[in-house]
Amino acid sequence: MTPDNGARGNGTIKTTADTFTRGNRVVGIRREEHSKWERRAPLTPAHCARLLHSGRNGGGVRRIIVQPCTKRIHSDQQYQDVGCEISEDLSDCGLILGVKRPQLGELLPKRAYAFFSHTHKAQPENMALLDEVLEKRVSLYDYELIAGENNERLVAFGEYAGRAGMIDFLRGLGERFLSLGFSTPFLSVGSSYMYSSLSTAKAAVMAAGDEIANNGLGLGICPLVFVFTGSGNVSRGAQEILRLLPHTFVKPSDLRRLYDDVHMASADDLLLRKGRANFQVFGCVVEARDMVVPIDTSKKFDKDEYYSHPEQYRSIFHDTIAPYTSVIVNCMYWERRFPRLLDNKQLRELTRNDASTKGSRKQGKLLGVADITCDVQGSIECLHQITSIEDPFFRYDPSSGTYHNDMDGEGIIILAVDCLPTELAKESTKHFGDVLLPFISNMARAQTPEDMLEPIKRACIAHNGQLTQLYEYIHVLREAETKNSRPSTKLDSQHNGSVTRLVSLNGHLFDQFLINEALDVIVDAGGRFRSATCKVGHSDDETSHADLEVEADNEQILDGILDALAAIASHKDSHSNGSFIRGRSPDRSSYLTAKSSRVMDSSNENVSRVLILGAGRMCEPAVKYLAAQGSIAPPGEPSGEVDVHVQVIVASLFLKDAQKVTAGVANAFPLQLDISDGAHLRTCISKAAVVISLLPPDCHIPIAKACIELKKNLVTASYVSSEMEALHDKAREAGIVILCEMGLDPGIDHMMAMRMIDSAHSNGGYVQSFVSYCGGLPSPMAANNPLGYKFSWNPAGAIKAGRNAAIYKEQGKTVEVAGDDLFASAVRLRLPNLPAFALERLPNRDSLKYGELYDIAKEASTVFRATLRYEGFSEIMAGIAKLGFFDYGDHQLLGVANQRTTYETFWHHILKELVQKVEVKETELVPEKLLGLGCCSDIDAAKRLWNCIKWLGLNSNLDVPESCKSAFDVLCSRMEAKLTFAPNEQDLVLLHHDLEVAYKDGRPTERHTATLLALGETADNCNSVREPQTAMARTVGLTAAIGAQLLLFNLVKHTGVLRPFQPDIYGPALKILVAEGMQIEESTEII
């Protein structure tokens, strides 16, 4: 680009490889010196270990050198333990990673650097750094510009800022309440940085919540209402913390009524409302439509119009929201062209009205603002400065307009810390590394932009002393910034025969490179331009504005330029996340479909594609794991000399499901596919190296046949059916592997068992008893219902599984259990290494076949597999079964057109039928009736059963859904409604093997145990584009992905239809599971 006249060159960059250090596969990690609070790092020791392992035998990272630092969240020793070198000298490094920008003069020439540079919008304060980058011919990668398929930022910390900001404000709120004369549980909450992890901080907030739920808050501070502005990442993170307290979220329209309900009530009335206003807090999320109205009262709010012409709107926040708000949690982006939330005059009026409130209580009084956006004199005008982590609050007195550094006087407290994610250094660092890991190997060996993966290429601002083509506009912005005065330009004015017009551009001009397209249009048409004004947005959501003086030789050329610019605006508004027209959220389906098709159709011998069929719950863990691998081979295995880049394609009948799973995941792409379209299915399989089918078992056979035809490996998590077994010889002839039962149960249970059995045999022993327990359960905190159970998979399937007949061998005798007797056969169980778990076990189908499969049938006198539930589950379920709720046949009261049937009606009908069969007095209470009907063993059990029936709502006056045809359908409908996980609840997976190993040479018999206990994720483990993974989904999806990884690297020696019984499968697979956090505790003791 030629900055003096606006003409643009072709943007070519020298591509001669730098023979010094760039691309030498040696990575450095800088010490952060930008702030004393910056404890984050771009990679954790675990990430470094994976990179070093994969680089030993392949083309990945050879060395990692870490500058010593005593304040980093992970110690030098932790990095050294995984093979990193600790040294001040990073001169051997071709790629140097940091978090924040280095000090001027610290850059080493001709290296590649990655950090948050804050230069791509020509921020004046950072242009000296950019000049140094260009002068020293540094390749500069900016984390802020690494984007996914949907142009969403991958390295983003908004949710962490929201979480830390909310925790910090609760700490200050406790101190502020104390100064107002109220002792509250918030005093026990510390700032985020005071805790060793986010989980520990959350535990402190939850403990405060328990105190509120048990003892309540002072009546004088109720209702305590937190209003969140905006619904983006920051807001979601802050809301996540509030939800740890006993809470109710209300609509903005309900705030006045909530206030009036409490304000108008007497103290005695409030004291009688235990569990209501003063035993919880309230949350409210407000968006633009709740905060502004058109100035023209004849118009209604229109989102598109508001973002395009905000000057036509005025704020009503001070009238409709703020008077009923205790705390404003400000999470929305703001530009100066938009109305403020609260200006100083409005705030003064608001507090004056508060002061006139009669009585000792102070309902509705605004206590403070947690301004996580930190816009100085922005949407909250009184925010006059940024605060620090060590001193996060100041007090503003609206009546006098004065500021104070204490909590003790009149006014409101304000938090405005602009580096909140650094307080959650451990979780932020893990997020950092998780996102960067798929790219680091490529960045470490890239010598030119052409060597880079596309997301990194787009994030490269400068290379070899020049701005890359996408960022050449920075010259124009700098020119505009340095010119203090310009001659006025009139629209349509003519100079020397040329025509000039002032063109205004609004939108994500720089984040999504729209400025480049606009400038290309002007220059390609023979026009010229110069920047008149430029206002750059400084956050993800904030748009930018630029005025360009566009000049052309005649009116016709200029009109053509303006038409072309309008066409770009219209196109971008329809096909991207940002455009010249503000406020649109267009549908990207057609774009994504085309993109995915191009991915499948492209040919690259160094890309290995994994095609995942199905986009359900199990898919996301598989996608995330495989997409993060890059060219990483499994632990302990050589990756070879070929640099294989893993690409994941998720195919689903519904494109939106595939898009949801792949959103925010680099190297993962969505694809719409109907597997009944055989031709399309075969085409997609032909482009893949490995196929994973996460579809229902009935779908596997046509997929397996196509894989055999096309000689492609296949992985499933399902049991080997007889039809699948019949394909064994054909799969062997094709030289492929169909790896089945690669999930949890079946899957991990096989691999743990075979490792224990093979170990016993190799040590000269034999297995005389094999006992295995497995269960998917809610965590103890989530087991908060009479059954102690919740569903993480198909409810009907889970319930039916409890009625399967079972057979097993115990002490040499075969034991058979009929399906109707299964619940009654449950036995209390305590595991020695988990004594706090009150469990019971139910026989699980056919245990005998596992004696054959594991080749222990002849040596083991006991072979028993069981399902785990919390104690008491089976007793209640047995009672429900005896009541007839497991009847699958059509019922006369159900499925009748135009006939309303309630659960209560159906319940009374069931009782009436049973009472006619058994002599029971009509006057008896329900538990006594249940006991008399033979549904329970004693009156206490009958009371528990009746409590469960009431809790499920099987006797409620709700209508039975028309889809219910049988008593079993009725039961499923209530269980599906009631036995589901709440957003903040975790499930768990518990798998336990117990083997007795005897020796013929006289050695004492030993008990060998192995236990896997895995908890589902919580929201703090996740980024903004996905939900927490359940333990069930993770154990199944991750295991299937590991199977695909083994096949990608040709580590499975046998062919045909296989289960994971061989050491070449279970050995590396179990190692990877442990490396991914699935801890398996093993023990041996003499019996």
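Residues numbered from 1 in each chain as written. Predicted model: local features only at pLDDT ≥ 70, side-chain atom pairs only at ≥ 80, totals over all residues. Heavy atoms only, no water.

1. Looking at the overall build of the chain
Okay, so step 1: Helix and strand counts for the chain stand at 34 helices and 38 strands.
Okay, so step 2: When each of the 1087 residues of the chain is scored for burial, the buried share is 56%.
Okay, so step 3: Excluding contacts between residues fewer than 6 apart, the proportion of contacts in the chain whose partners are at least 24 apart in sequence is 71%. (Helix = DSSP H or I, 4+ residues; strand = E, 2+ residues; numbered from the N terminus. Buried < 20%, exposed > 50% of the residue type's maximum accessible area, 1.4 Å probe, protein only. Contact = heavy atoms within 4.5 Å.)

2. A few points about the sheet that holds strand β17 (residues 460-463)
Two strands in a sheet stick together by hydrogen bonds in their backbones, pointing the same way (parallel) or opposite ways (antiparallel).
Okay, so step 1: Strand order in the open sheet made by the eight strands is β3-β2-β1-β4-β5-β6-β17-β18, with mixed pairing throughout. Looking at the sheet topology across the chains shown, the edges are occupied by β3 (85-86) and β18 (466-467).
Okay, so step 2: With four bridges connecting them, strand β4 (residues 95-100) and strand β5 (residues 112-116) associate as parallel partners. The residue bridging I96 from the neighbouring strand is Y113, located in β5.
Okay, so step 3: The sheet strands contacting helix α13 (residues 425-445) are β1 (26-29), β4, β5 and β6 (139-142), and the helix crosses β4 at an angle near 155°. (Pairing = 2+ DSSP bridges. Axes fitted to C-alpha atoms, helices over the stretch in contact; angles between N-to-C directions.)

3. Focus: the packing of helix α4 (residues 158-179) against helix α5 (residues 198-215)
Okay, so step 1: Running from N to C, α4 and α5 point in directions that differ by 40°, and their axes come no closer than 11 Å. It follows that α4 is oblique to α5 by the angle criterion. At the point where α4 passes α5, the crossing takes the left-handed sense. Here R163, I167 and L170 of α4 come into contact with α5, specifically with L198, A201 and V205.
Okay, so step 2: Classifying every residue of the contact of α4 with α5 gives five nonpolar, no polar and one charged. (Parallel < 35°, antiparallel > 145°, perpendicular 65-115°, else oblique. Left-handed = near helix turned anticlockwise from the far one by under 90°. Nonpolar A, V, L, I, M, F, W, Y, C, P; charged D, E, K, R; others polar.)

4. Some details on the packing of helix α21 (residues 678-686) against helix α22 (residues 700-710)
Okay, so step 1: Interhelical geometry of α21 versus α22 gives an angle of 55° and a closest axis separation of 10 Å. The angle between α21 and α22 places the two elements in the oblique class. Of the two elements, α21 crosses α22, and the hand of that crossing is right-handed. Contacts from L681, R682, I685 and S686 in α21 reach I703, A706, C707, E709 and L710 in α22.
Okay, so step 2: Taken together, the residues that form the contact of α21 with α22 break down as six nonpolar, one polar and two charged.

5. Topic: the nonpolar core
Side chains that are nonpolar tend, in soluble globular proteins, to be buried together.
Okay, so step 1: Among the nonpolar cores identified, the biggest contains 121 residues, and I64, Y141, Y143, L173, F186, F226 and V329 are the most heavily contacted of them.
Okay, so step 2: Broken down by element, the residue count for this core peaks at nine residues, all from α4.
Okay, so step 3: If we ignore the near neighbours within four places in the chain, the residues touching I64 are V27, I29, C48, L51, L52, C84 and E85. (Core = buried A, V, L, I, M, F, W, Y, C linked by side-chain atoms within 4.5 Å.)

6. Quick look at α5
Okay, so step 1: The end-to-end C-alpha distance of α5, which contains 18 residues, comes to 26 Å, matching closely the 26 Å that a straight helix rising 1.5 Å per residue would cover.
Okay, so step 2: For α5, every residue scored as buried is listed here: L198, A201, K202, A204, V205, A208, G209 and I212. The buried residues of α5 occupy an angular sector of 155° when projected down its axis, which confines them to one face. Every exposed residue of α5 that faces more than 90 degrees away from the buried side is listed here: N214 and N215. (Expected span 1.5 Å × (residues − 1). Arc of directions from axis to C-beta.)

7. Considerations on the packing of aromatic side chains
Okay, so step 1: According to the stated counting rule, one finds 30 aromatic pairs in the structure shown.
Okay, so step 2: Judged by centre distance (5.8 Å) and plane angle (75°), the rings of F301 and Y313 are edge-to-face. Note that F301 is positioned in the loop between β10 (292-294) and α10 (303-308) and Y313 in strand β11 (residues 313-315), a separation of 12 residues in sequence.
Okay, so step 3: Centre to centre, the rings of Y808 and F864 are 4.6 Å apart; their planes meet at 65°, and the pair counts as edge-to-face. One end of the pair, Y808, is in strand β30 (residues 806-810); the other, F864, is in strand β34 (residues 862-870), and 56 residues separate them in sequence. The residues Y808 and F864 share a single accessibility class, namely buried.
Okay, so step 4: In this structure an aromatic cluster arises from ring pairing among Y789, F791, F823, F873, F886, Y888 and F968.
Okay, so step 5: Above the face of the F654 ring, K656 is positioned so that its terminal group lies 5.9 Å from the ring centre.
Okay, so step 6: Above the ring of W951, the side-chain terminus of K978 is found at 4.5 Å from the ring centroid. (Phe/Tyr/Trp six-rings, centres within 6.5 Å; stacked < 30°, edge-to-face > 60°. Lys NZ or Arg CZ within 6 Å of the ring centre and 35° of its normal.)

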